[in-house]
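Architecture at a glance
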Amino acid sequence: MSAVARRIPFIRQWADMTPAERREAVAGYLFISPWLIGFILFFAGPILASFVISFTKWNIVSPPEWVGLNNYRRIFTLDPNFKKAVTVTLTYAIFYLPLEVVCGITIAVVLNQKLRGIGVFRTIYYMPYIVPKVAASLVWVWMLNPRYGVVNTVLSWFGIQGPNWLGNPHYVLPSIIIMALWGVGGSAVIYLAGLQNIPQQLYEAAMVDGANRIQQFFKITLPMLSPTIFFQVVLGLIGTFQTFTPAFIAAGRTGGPLQSGLFYMLYIYNVSFRSMRMGYGSALAWIMSLFILVVTILVFRSSRYWVYYEAERKQK
Amino acid sequence: MRLSKTPLGLRQIKWLNTVTGYTILSILAVLFLVPLYWMFSTALKTQTQTFAIPPEWIPDPVAWDNFAAVFREVPFGRFVINTAFLVVMNIIGQLVSVTLVAYGFARLRFPGRDVLFLVMLSTLMIPYQITLVPRFILFSKLGWVNTYLPLIVPAFTGSPFLIFLVRQYIMSIPFDLDEAAYIDGASRFTVFRKVILPLARPALALVVVFTFIDVWNDFLQPLIYLNDPNMFTVSLGLSFFQGQRETNWNLLMAASLMAMVPPLVLFFFAQRQLIGGISVEGLKG
């Protein structure tokens, strides 16, 4: 074997293996080959392709036309829909994510009591999370109907004149946030698991020291729960940018009144699959993915200031 | 300290805690159940009743016929069969590929294994939107648009999340069992099939449940790939129905109710694994 080839770690490793080890390795590659093929065909390949396509103008039918940075230039300077979609999605994220954390933890705390029949309540809270998104969105569209809907009826009992929820640009996002919070049971269950992981001795020690329940919550529960919160915030962040179905059903394909529900994903869908502008759509998708990547990294970086890991060994 | 301030004894405090506990639990339960109740009660109203002001809480008379009407008005039966077909094919695809790949990652040693595993995990963090357009182009060049192939074939390459789940499970099965089988002269594939698969059954049940719920509830992919209403899935059919008859809320709710029955039934059977699993995991700590 040439000295050059031995420089490549994989080849060196392979050359040093016994025949039995090589047979095992071949078997290993065969076993993981379904994923490997899928990764190349449906993931890595498309991502690279998407990058190249984002520099073209292409409607699939006619051949692609190279336009250089035009798509990106246009998105950042000329496209009012892009600005709208970013504003809508970010506003949603800023209001929804904290609400999800607070509601999720509150419900988890409520579920963490040692009471008989608690399992029934857990099931009830979790159930909406399983309901197909289309069906869940439809029932909310109906409930938020300004005249015949149950929400405004209940509000009227308290003398409140309910708004024209999905018909009023100011109330479209709040409507979608309420819809999303109905499914908060999904994250509450994860917080519940986190709560049950907290050693009971900590609370006992705190009680001996005379800490009340509120102090216990802020000094023990929240810090001990912070890794779970961190995990949920990262997932929730990625999830908000992918919000599609509720926007499509509740606000409508075009984004509702004054496009107040034009979520980023909805915009990508309209550009790519309704106007068949594959290049422009790919550019939009790339911008969003990079943005998510940057935000995720920032959240990870910030985590050392607010996430407490019990088994963490800090470097000196 | 606090006890001395109150005239209540310990027993009364415990009783008070229980009562407030159940009160809060019940108020929350009502909030979560109202939409489901509203779906149910609207599904049983006549069209005129749905437009009553103030809305009727309990429909009278009860229009049971609405459920049958859904099947007459739109090819709902067709949607159910289509979705069931997709669900079954996806479950088969995931079971085959996920178990093979997970076994490879958990039990076999090959150069680059850990790097590849990390690569697989990192794909979980990358938003799927970025692959949406090129995948569509790929499938349309293959002539697969308006067929079920784009919704089935990727399942045979295994979902990274499920692979991770099953791999972790296989790692918890003692290697002594594999070794005993090897000593008896079993091949790798026999060990996989006769030793690992039967023991990994609980993890495989989770694969079935997750795949079922994902495929049944999926909306974006059927929306992109299917044009022929006869090929629609339940979720896609529902949104199509909404566009067509904005005013038939009773039928729309009846259809939505039927759409959520299969995942909910599955959830009731599997909830021990789904959420119980997490909680049990939590209790160990």
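Please read all numbers here as calculations on a predicted model, not as lab measurements.

1. With respect to the domain arrangement of chain B
Segmentation of chain B into domains returns domain 1 (2-65) and domain 2 (74-244). Taken over C-alpha atoms, the centre of domain 1 of chain B sits 39 Å from the centre of domain 2 of chain B.

2. Considerations on the side chain of Asn250 of chain B
The residue Asn250 of chain B is located in helix α15 (residues 249-283) in this model. Filtering out sequence-adjacent residues up to four positions away, Asn250 of chain B remains in contact with Thr42, Ala43, Lys45, Thr46, Gln47, Thr50 and Asn66 of chain B.

3. A short note on the domain arrangement of chain A
All names here are of chain A. As far as domains go, chain A holds domain 1 (3-53) and domain 2 (73-306). Taken over C-alpha atoms, the centre of domain 1 sits 39 Å from the centre of domain 2. Between domain 1 and domain 2, the contact holds 4 residues from the first and 4 residues from the second. Contact with domain 2 buries area across many residues of domain 1, yet Ser50, Phe51 and Ile53 alone supply 88% of it, more than any other trio. On inspection of domain 1 and its partner domain 2, the count reaches 0 salt bridges. Scanning the region where domain 1 abuts domain 2 turns up 1 residue pair in polar contact (both at pLDDT 80 or more). Here the side of domain 1 that touches domain 2 is composed, by residue class, of 3 nonpolar, 1 polar and no charged.

4. Notes on the pattern of salt bridges
Across all of its chains, the model carries 4 salt bridges over all chains by this definition. Close ionic contact of Glu24 of chain A with Arg109 of chain B constitutes a salt bridge, the shortest N to O distance being 3.1 Å. On the criterion of chain membership, the pair formed by Glu24 of chain A in helix α3 (residues 19-53) and Arg109 of chain B in the loop between α5 (76-107) and α6 (113-123) is interchain, its members lying in two chains. Residue Glu24 of chain A is classed as buried on the basis of its relative accessible area, which comes to 10%. Asp65 of chain B serves as the salt-bridge partner of Arg72 of chain B, at 3.1 Å between the closest nitrogen and oxygen.

5. Observations concerning the packing of aromatic side chains
Summed over the entire model, instances satisfying the criterion amount to 55 aromatic pairs over all chains. A centroid spacing of 5.2 Å and a plane angle of 65 degrees characterise the contact between Phe248 of chain A and Phe219 of chain B, whose relative ring orientation is edge-to-face. On the criterion of chain membership, the pair formed by Phe248 of chain A in helix α13 (residues 245-251) and Phe219 of chain B in the loop between α12 (201-217) and α13 (220-225) is interchain, its members lying in two chains. Joined through ring pairs, the aromatic side chains of Phe42, Phe244, Phe248, Tyr269 and Phe273 of chain A together with Phe136, Phe139, Trp144, Phe219 and Tyr225 of chain B make up one cluster. The positively charged end of Arg277 of chain A is found above the aromatic ring belonging to Tyr280 of chain A, 4.4 Å away from the centroid. For Arg167 of chain B, the ring lying beneath its charged end belongs to Phe117 of chain B, and the centroid distance is 4.0 Å.

The rules we used
Residues numbered from 1 in each chain as written. Chains lettered and ligands numbered in written order. Predicted model: local features only at pLDDT ≥ 70, side-chain atom pairs only at ≥ 80, totals over all residues. Heavy atoms only, no water. Domains from an automatic or database assignment. Helix = DSSP H or I, 4+ residues; strand = E, 2+ residues; numbered from the N terminus. Contact = heavy atoms within 4.5 Å. Buried area = accessible area lost by both parts, 1.4 Å probe. Salt bridge = Lys/Arg side-chain N within 4 Å of Asp/Glu carboxyl O. Polar contact = N/O pair within 3.5 Å; in protein donor to acceptor, adjacent residues only side chain to side chain. Nonpolar A, V, L, I, M, F, W, Y, C, P; charged D, E, K, R; others polar. Buried < 20%, exposed > 50% of the residue type's maximum accessible area, 1.4 Å probe, protein only. Phe/Tyr/Trp six-rings, centres within 6.5 Å; stacked < 30°, edge-to-face > 60°. Lys NZ or Arg CZ within 6 Å of the ring centre and 35° of its normal.

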